[in-house]
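If you want the building blocks of each chain, they are given just below.
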Number of protein chains: 2
Amino acid sequence: MAQAQVPDVVVRRLPLYLRTLTYMEDRGQEVVSSTELGEWTGFSPAQIRRDLSYFGEFGKQGLGYPVRYLREQLESILHVDQQWHLVLIGAGALGHALVKYHTFRRWNYHIEAVFDNDPEKIGQAIDGLTIQPMSELARTIKEKHIDIAILAVPAEHAQEVGEQAVAAGVRAILNYAPINLALPPEVHVSHIDPVVNLQSITYYL
Amino acid sequence: MAQAQVPDVVVRRLPLYLRTLTYMEDRGQEVVSSTELGEWTGFSPAQIRRDLSYFGEFGKQGLGYPVRYLREQLESILHVDQQWHLVLIGAGALGHALVKYHTFRRWNYHIEAVFDNDPEKIGQAIDGLTIQPMSELARTIKEKHIDIAILAVPAEHAQEVGEQAVAAGVRAILNYAPINLALPPEVHVSHIDPVVNLQSITYYL
DNA sequence: GCGTGTGAAACAATTCACAGCG
DNA sequence: CGCTGTGAATTGTTTCACACGC
């Protein structure tokens with residue numbers, strides 16, 4: 001139940017445990033040990049047991065963890081057991097790919113509306129969603145009780161667009177633009193920048 | 001110069017420093033202090049000084065760091081001062097977006113070829129690159145001295161496709177499929193999975 | 001004075017190792 | 001016996017605080 005003292009590194013590992021548990025459950029596996037979960041995810045058994053123990057006692061001594069029960073618990077901890085309403089800002093090639101990415105829906109993340117400032121794009125549809133002008137952003141966020149905005153705009157517009165989304169009530173941002181956003185600390189910002197990943201990789205090559 | 005004892009957390013922060021320095025240099029800024037870099041990136045001044053000190057002494061006491069010099073040094077450390085040759089596997093909506101993503105080229109990451117196993121897609125072009133059948137993958141990786149493969153395939157094919165790329169000589173993988181890859185430890189694997197980011201976010205909401 | 005670079009100190013995360021229970 | 005949950009020990013990371021040089 002969202003203890004404040006849970007380290008953020010632990011929170012970032014939970015989705016990886018959840019992903020693996022879901023995979024195992026789909027294959028009919030009923031019990032898993034911390035050792036086996038570790039082989040799948042690359043973390044040590046002790047670390048996995050410690051991580052889970054922040055949230056409760058989910059395992060059975062001598063046996064392991066019931067896959068289905070642990071999966072349900074993790075979904076509850078990560079608040080994946082409810083619907084989340086998002087908007088996407090930026091209808092370029094990346095925006096198109098994100099709207100069509102089925103895995104979002106599978107995990108209860110629903111893109112409710114798409115925005116762009118290009119008059120050519122406004123009115124067109126992606127996967128059943130009509131691209132709206134930026135002037136509609138605030139109204140939609142308020143009316144549809146949007147929690148999260150995905151930013152897929154050029155870097156030079158990301159700050160401004162992020163501010164607009166926050167002003168309209170968004171509490172978290174998933175930012176695909178390769179730039180740091182300066183936003184109030186209560187807004188949760190997460191970055192995806194493949195160049196950052198590639199540069200960490202090529203350090204080691 | 002690639003000291004083995006540099007912690008991975010440090011390596012993962014370097015691209016963020018580099019990004020900010022490039023931004024500052026584009027705006028004509030010549031000198032930056034660790035405090036100012038910290039304000040832009042969200043890290044503490046002490047941490048930034050410590051991180052950089054793993055690689056050398058780049059600053060001037062009483063002044064700060066010369067932006068251009070530090071940017072060059074970081075590019076050298078991250079091996080961004082050379083061309084990197086990549087292949088993209090998977091020509092779906094995400095694959096299309098990645099081929100068209102200009103920021104890769106800006107940082108010397110060049111997608112040299114695109115592969116897919118869908119007969120409908122083979123022969124079509126994305127941004128000047130013809131989609132090739134998977135049967136050509138190994139030959140291309142060898143002939144073009146490809147270092148890195150980007151995986152943008154469905155989760156159920158990622159393991160097999162990753163193995164093919166590694167067998168043909170790729171040393172690193174950027175994996176967009178939402179599944180863990182089991183590959184030899186000398187292969188560097190980096191993951192991008194927006195659902196993982198969203199689940200960490202919604203933990204806090 | 002200002003800001004780096006860095007020992008030393010403080011804090012955080014991971015691993016060890018074992019009691020306890022099924 | 002096998003495996004969890006967890007104190008204690010260890011290892012890793014960040015911050016403090018200051019000598020030094022511009």
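What counts and what doesn't
- Residues numbered from 1 in each chain as written.
- Chains lettered and ligands numbered in written order.
- Predicted model: local features only at pLDDT ≥ 70, side-chain atom pairs only at ≥ 80, totals over all residues.
- Heavy atoms only, no water.
- Near = heavy atom within 4 Å.
- Polar contact = N/O pair within 3.5 Å; in protein donor to acceptor, adjacent residues only side chain to side chain.
- Helix = DSSP H or I, 4+ residues; strand = E, 2+ residues; numbered from the N terminus.
- Contact = heavy atoms within 4.5 Å.
- Buried area = accessible area lost by both parts, 1.4 Å probe.
- Salt bridge = Lys/Arg side-chain N within 4 Å of Asp/Glu carboxyl O.
- Nonpolar A, V, L, I, M, F, W, Y, C, P; charged D, E, K, R; others polar.
- Buried < 20%, exposed > 50% of the residue type's maximum accessible area, 1.4 Å probe, protein only.
- Pairing = 2+ DSSP bridges.
- Axes fitted to C-alpha atoms, helices over the stretch in contact; angles between N-to-C directions.
- Parallel < 35°, antiparallel > 145°, perpendicular 65-115°, else oblique.
- Left-handed = near helix turned anticlockwise from the far one by under 90°.
- Phe/Tyr/Trp six-rings, centres within 6.5 Å; stacked < 30°, edge-to-face > 60°.
- Lys NZ or Arg CZ within 6 Å of the ring centre and 35° of its normal.

**Student:** Even after reading the chapter, I still don't get the protein's contact with DNA strand D, so can you show me in this structure?
**Tutor:** Among the 23 residues in the neighbourhood of DNA strand D, the closest are listed as A:R49, A:R50, A:Y65, B:S44 and B:Q61. Backbone atoms, meaning sugar plus phosphate, form 59% of the atoms of DNA strand D positioned within 4 Å of the protein. The separation between a phosphate oxygen of DNA strand D and a polar side-chain atom of B:S44 is 2.6 Å. The separation between a sugar or linking oxygen of DNA strand D and a polar side-chain atom of B:Q61 is 2.5 Å. If you list the elements that add at least two residues to the surface near DNA strand D, you get α3 (45-53) of chain A together with α1 (8-26) and α3 (45-53) of chain B.

**Student:** What's the story with the interface of chain A and chain B in this structure? I'm lost.
**Tutor:** A common way to report how large an interface is uses the accessible area buried once the components associate. Facing 56 residues of chain A, the contacting portion of chain B comprises 56 residues. Both sides together, the interface formed by chain A and chain B hides about 5,100 Å², and carbon and sulfur atoms give 67% of it. At the boundary of chain A with chain B, the tally comes to two salt bridges. Counting across the interface, chain A meets chain B through 26 residue pairs in polar contact (both at pLDDT 80 or more). Elements represented by at least two residues in the side of chain A that touches chain B include exactly α1 (8-26), α2 (34-41), β3 (84-89), α5 (93-99), α6 (102-106), β8 (172-175), β9 (188-191) and α9 (194-204) of chain A. The leading source of residues in the side of chain A that touches chain B is α9(A), at eleven residues. Among the residues making up the side of chain A that touches chain B, the classes are represented as 37 nonpolar, twelve polar and seven charged.

**Student:** Help me understand the pairing of strand β4 (residues 109-116) of chain A in this model?
**Tutor:** Every other side chain in a regular strand lies on the same face of the sheet, so the side chains alternate between the two faces. Residue and element names in this part refer to chain A. Of all eight residues making up β4, six are buried, and the element is well covered by its neighbours. Bridge count between β3 and β4: six bridges; the pairing is parallel. Within β4, the residue paired with L88 across the bridge is V114. Two strands pair when backbone bridges link them, and β4 and strand β6 (residues 129-133) are joined in this way by three bridges, in the parallel orientation. Its bridge partner being in β6, V114 is matched across the sheet by I131.

**Student:** Is there a simple way to think about the packing of α9(A) against α1(B) in this case?
**Tutor:** For the pair α9(A) and α1(B), interaxial distance at closest approach is 9 Å and the crossing angle is 125°. Here α9(A) lies oblique to α1(B), going by the angle between them. The element α9(A) and its partner α1(B) pack so that their crossing is right-handed. Packed against α9(A), whose contacting residues are A:V196, A:Q199, A:S200, A:Y203 and A:Y204, the element α1(B) presents B:D8, B:V11, B:R12, B:P15, B:L16, B:L18 and B:R19 at the interface. Split into classes, the residues belonging to the contact of α9(A) with α1(B) amount to seven nonpolar, two polar and three charged.

**Student:** Help me out: how do you make sense of the packing of aromatic side chains in this one?
**Tutor:** Aromatic ring pairs: the centre-centre distance and the angle between the two ring planes describe each pair. Applying the stated criterion to the full structure yields twelve aromatic pairs over all chains. For the pair A:F55 and B:Y203, a centre-to-centre distance of 6.3 Å together with 85° between the ring planes defines the contact as edge-to-face. Taken together, the residues span two chains, with A:F55 in the loop between α3 and β2 (65-66) and B:Y203 in helix α9 (residues 194-204). Exposure class is identical for A:F55 and B:Y203. Each is buried. Measuring from centroid to centroid gives 6.2 Å for B:F58 and B:Y69, while their planes differ by 65°, and the two rings are edge-to-face. One end of the pair, B:F58, is in the loop between α3 and β2 (65-66); the other, B:Y69, is in helix α4 (residues 67-77), and eleven residues separate them in sequence. For B:Y69, a relative accessible area of 36% gives the class partly exposed. One aromatic cluster in this structure is built from A:F55, B:Y203 and B:Y204. Above the face of the B:Y23 ring, B:R27 is positioned so that its terminal group lies 3.6 Å from the ring centre.

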